[in-house]
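A structural walkthrough
Residue strings, one per chain:
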Amino acid sequence: MYKSNSFSKLEVFSCSNLPQSEKRNKWLVWHRGFEICLRACQVTDPFEKKNLLLSEGGLELQEIFFNIPGADVGRDDKKGLDPYKVAVKKLNNHFAPRRLEVKERNEFWTMQPESGESLPMFYKRVQNCANKCNFGATAKESEHNAVIDKIMQFVPMSLHNNLLQESKLTLDDMTRRLEVYETSSPPNSSNNHISEPPCVSSEEIVEYNRNSFNESGKPHRNCGQFHGRNKTDCPALNTNCSNCGKLGHFGSLCTIKQGGGSGIIKSFKKKPYDKNGGAGGYQGGKKMKHEWQMYGMDYESPQNY
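First, a word on scope: everything that follows refers to the structure included in this document. (Residues numbered from 1 in each chain as written. Predicted model: local features only at pLDDT ≥ 70, side-chain atom pairs only at ≥ 80, totals over all residues. Heavy atoms only, no water.)

Turning next to the pattern of salt bridges. In the structure shown here, the tally under the stated rule is seven salt bridges. The closest approach of N and O atoms between Arg176 and Asp173, which form a salt bridge, is 2.8 Å. Of this pair, Arg176 and Asp173 both sit in helix 10 (residues 171–184), three residues apart, which is roughly one turn of that helix. A residue is classified by how much of its surface remains accessible, and Arg176, at 45% relative accessible area, is partly exposed. One continuous salt-bridge network, built from bridges that share partners, spans Glu101, Glu141 and Lys168. (Salt bridge = Lys/Arg side-chain N within 4 Å of Asp/Glu carboxyl O. Helix = DSSP H or I, 4+ residues; strand = E, 2+ residues; numbered from the N terminus. Buried < 20%, exposed > 50% of the residue type's maximum accessible area, 1.4 Å probe, protein only.)

Moving on: empty space enclosed by the protein. A full pass over the atoms with the stated rule returns one cavity of 30 Å³ or more. There is about 40 Å³ of room inside the largest cavity. Lining the largest cavity, in full, are Val102, Arg105, Asn106, Trp109, Asp149, Met152 and Gln153. If you list the elements that add at least two residues to the lining of the largest cavity, you get helix 6 (101–109) and helix 8 (139–152). Across the lining of the largest cavity, the residue classes tally to three nonpolar, two polar and two charged. (1 Å grid on protein atoms, 1.4 Å probe; cavity = no way out; pocket = protein on both sides within 12 Å on 5 of 7 lines; lining within 4 Å. Points joined across faces, edges and corners; volume = space filled by probe spheres on them. Nonpolar A, V, L, I, M, F, W, Y, C, P; charged D, E, K, R; others polar.)

Here it is in structure tokens:
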């Protein structure tokens, strides 16, 4: 009865809903309470202590215990085996913090200098990170780890995150995991392909530059204001022109004549600016060129709407 009352105050061990970093602390706290109950009940027999550990720990602890190789041993006085001490040692090792070698090397290879960090400081940080990494004890192991680290840079993100949680990964393990992932993913799935860096087309670059003010600090051509380089920063982005009715610029900066005339742009393309102001030149060309340049525009490049 006394034994039953003592262990009734001890909660069943459970850690399935905890992150890996908190499971060890949960086990240590629970085992400390279990040891107190053993002393209170004056239980000394190793075999009985092991059985109480499993019965009071509950089904979750039993499942963990019986899946640990060499954890369940019988009493052997000749060899000096203590089944309770063996069980506790195996469980301590199971809940000990795992060294994630793949993650450590991945952090090393993806390191970059931080903002304002000097090269000597970056060198020291890289060296400290390298000291924690296992690059291989032999030339063959180093070669295998190098192949694994290279593949890790291109595997799909979902698989990449899972592989980072492996304490140790061999080439055979990597091959098996890749084959399982390929067969389990739907056909023609984008997850089956190597991830590639985003490609920016020349048209996107032109559009980006066209919708950003230049480095000399000139105002934006569509709103006449100073703002960031992103197109969405322009206050005229969703504004209809009061002159031509088109979207994306203010009426005061519209380059199309009222009444649907040919407009400034067409006149310039038809009669290019003559720096000498002679025949065939556009009257007031110098003044108009100056006004266009004030808003960061090239007077020979029509604005697309």
